[in-house]
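One-letter residues, chain by chain:
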Amino acid sequence: MDPFHSYLKIKKKMYSAILNGRSFKWTRTHKRERPESIETIPLVEIIAVQKGLVEIVPCKKIINTPNDFTVFFVKRAPKCQQRWILDKMVFTAEDSNLRDQWVSQLSQRIEQHGQQRPQRLLVFINPFGGRGKARKIYYSRIAQLFELAGINVHVLETERANQARDYILQKDLSSFDGVVCVGGDGMFSELMHGLIGRSQREACISEDDPEATLQGCSLRIGIIPAGSTNCVCFATVGVNDPITSALHIIVGDSQPLDVCAVHHKKQFIKYSVSMVGYGFYGDVLSDSDKHRWMGPIRYDYSGFKVFLQNRSYQGIIEYQLAGTGQSNPRDNTRCRTGCMVCSESTERLCSPEENAFDNVSQGSYKSQGSDEEVIDEWHSAEGTFKAINMTCMSSACPKSPDGLSPCAHLADGTADLIIVRKCSRVSFLRHLFRHTNQKDQFDLPFVDVFRVKALKFTPIPQDDDDESLESTLPVHLEYESVEQTKSSFLARLCGGPSMRSKWNCDGEVMPHAAINVRVHSQLIKLFARGIEGPCIKRRESWMPYR
Ligand SMILES: Nc1ncnc2c1ncn2[C@@H]1O[C@H](COP(=O)(O)OP(=O)(O)OP(=O)(O)O)[C@@H](O)[C@H]1O
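Criteria and cut-off values
- Residues numbered from 1 in each chain as written.
- Predicted model: local features only at pLDDT ≥ 70, side-chain atom pairs only at ≥ 80, totals over all residues.
- Heavy atoms only, no water.
- Helix = DSSP H or I, 4+ residues; strand = E, 2+ residues; numbered from the N terminus.
- Buried < 20%, exposed > 50% of the residue type's maximum accessible area, 1.4 Å probe, protein only.
- Polar contact = N/O pair within 3.5 Å; in protein donor to acceptor, adjacent residues only side chain to side chain.
- Contact = heavy atoms within 4.5 Å.
- pLDDT = per-residue confidence, 0-100.
- Near = heavy atom within 4 Å.
- Areas by Shrake-Rupley, 256 points an atom, 1.4 Å probe, with all protein chains shown as cover.
- Nonpolar A, V, L, I, M, F, W, Y, C, P; charged D, E, K, R; others polar.

Novice: Just checking my understanding: could you explain the side chain of Glu45 for this structure?
Specialist: When you line up the elements, Glu45 lands in the loop between β4 (39-42) and β5 (46-51). Owing to a relative accessible area of 7%, Glu45 belongs among the buried residues under this scheme. Looking at Glu45, its side chain comes within polar contact range of the side chain of Arg76, at 2.6 Å. Side chain to side chain, Glu45 and Arg529 meet in a polar contact 3.2 Å long. Excluding anything up to four places from it in sequence, Glu45 contacts Phe73, Val74, Arg76, Arg117, Val251 and Arg529.

As structure tokens, then:
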């Protein structure tokens, strides 16, 4: 399409406006204005163009003036690049004919650039999410944005847990371009389980087979953060803000995401994107579940209590390292919009001859840019562990803006395994505290971190039936456990001895301690583009990879 140009007025001042293949620009025609005063909006970030003077906040109002048109577009908040705002500008053309030409030209080009934009969405609202705020957030702030963008929406308010998952598993979704949840991480997990389960059923793949290469999902998931925890949204957008997320959905962003599949023997248990954690985080979650009445503060309460208990657990960790040609968890990079590491993974997945992920499941991986075949070796560590965490993403959240593993990637087909061995309370506190500041939380003698493809954990002692463990402890282990906890007054104060922790899988307690976890590359896609910002983080104390 040829560029379209004319003079337009904004608030009675004359501007020269030009629409080309990628952007819409306008600049003052006055001679004394400097060229920096050019305003530019990329076409992909124009939400809508409408005739007349149009308002949508606090409610929709159109004044049909003959020469005016209103352009709605995305703007970055002044103090936070990741927070998006809906901005608008009213332009006045010389006559209504020119106005109509502008509206038609802009609409055509938005459509041309917006092939990834959803036309029809299925929206699930958890009316109890975020202490009952979800419904209000959707109807007072989001519904009008979807209407403005011309998106057809089918809204369902859930009446029970797992209703959204079951709906996705059972109903015809062929008319939808995406599914959206208005709620917290629990609602996101429901949508993810529904979509992955459905895709496997359609591809005749058994989710119970831990070795199966799973089928990716075609529908994208949107998250309107309205829960008490929204880690997935924060780690993929950089901010928990309903308007920002709605705008990412409208412009049709797409962010692939790796997913961990968790199995117990040959039985599928759960999918995870943010954290599979044993020991400290498992104990905090299972304790906090007993205090749900406290609301979100229960996590702080249980965190403090579990910290005082200072428990560690015996077991064998086996992990399959990702090929050495890839990035590593301490390379001081950040996964950001357009991440090269994730793009390489996308290319590998898209080219069937070099489908490294298929090779991985057979035990080898060919690193990018080298002819060298790197074996994804299995390693093992036996010992007493305070925390074992595996995460497919940084797991950044408002309390820890860099997250559990700051250099983890969203879509590179790997996860970061963080092993914290038995240590004193003070040492563990140092490790925890470093999640909230700029210091390297892995630069401690009792912490190891690896970039992995898979994990197996076997608690000691092994037991066929996890639940009956406590009654069948060998005497020496029973003694050690009791010593470990009873030796301390603080531990006694905070709870009795326990031989086995629980796994925390994205905020849900899992029933088995013996599990296998495997990363599935780019299994789902979100309406997001990753966190906008620089890929390299400059830290004063830069620590090379150990
Ligand atoms: N109508 C409903 N009634 C009860 N539970 C529901 C309903 N709809 C969804 N759920 C369940 O509620 C759980 C929590 O929801 P969600 O994550 O949206 O909110 P939250 O405020 O972040 O939750 P949490 O209480 O876990 O902090 C989800 O696991 C979901 O399965």
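Novice: Got a minute to help me understand the side chain of Lys453 in this structure?
Specialist: Examined against the element boundaries, Lys453 turns out to sit in strand β22 (residues 447-459). By relative accessible area, Lys453 is classed as buried at 5%.

Novice: Please clarify how the confidence of the model for the protein chain should be interpreted in this entry.
Specialist: Low pLDDT marks regions whose predicted coordinates should not be analysed in detail. Averaged over every residue, the pLDDT of the protein chain is 87; residues scoring 70 or more account for 85%. Across residues 467-487, where pLDDT falls below 50, the model places 35 contacts with residues more than four positions away in sequence or in other chains. In the model, residues 539-546 has pLDDT below 50 throughout and makes 19 contacts with residues more than four positions away in sequence or in other chains.

Novice: Please explain the site of the ligand as it appears in this structure.
Specialist: As a matter of local geometry, the ligand sits amid 20 residues, with Gly130, Thr158, Gly184, Glu190 and Ser228 nearest to it. At a separation of 2.7 Å, a nitrogen atom of the ligand approaches a polar side-chain atom of Thr158. In this structure, an oxygen atom belonging to the ligand sits 2.8 Å away from a main-chain N or O atom of Gly186. Protein coverage of the free-state accessible area of the ligand, which is 630 Å², stands at 78%. Broken down by secondary-structure element, the contributors of at least two residues to the shell around the ligand are α2 (129-132) and α5 (185-202). The dominant element in the shell around the ligand, judged by the number of residues it contributes, is α5, at four residues. For the shell around the ligand, the residue count by class is three nonpolar, 11 polar and six charged.

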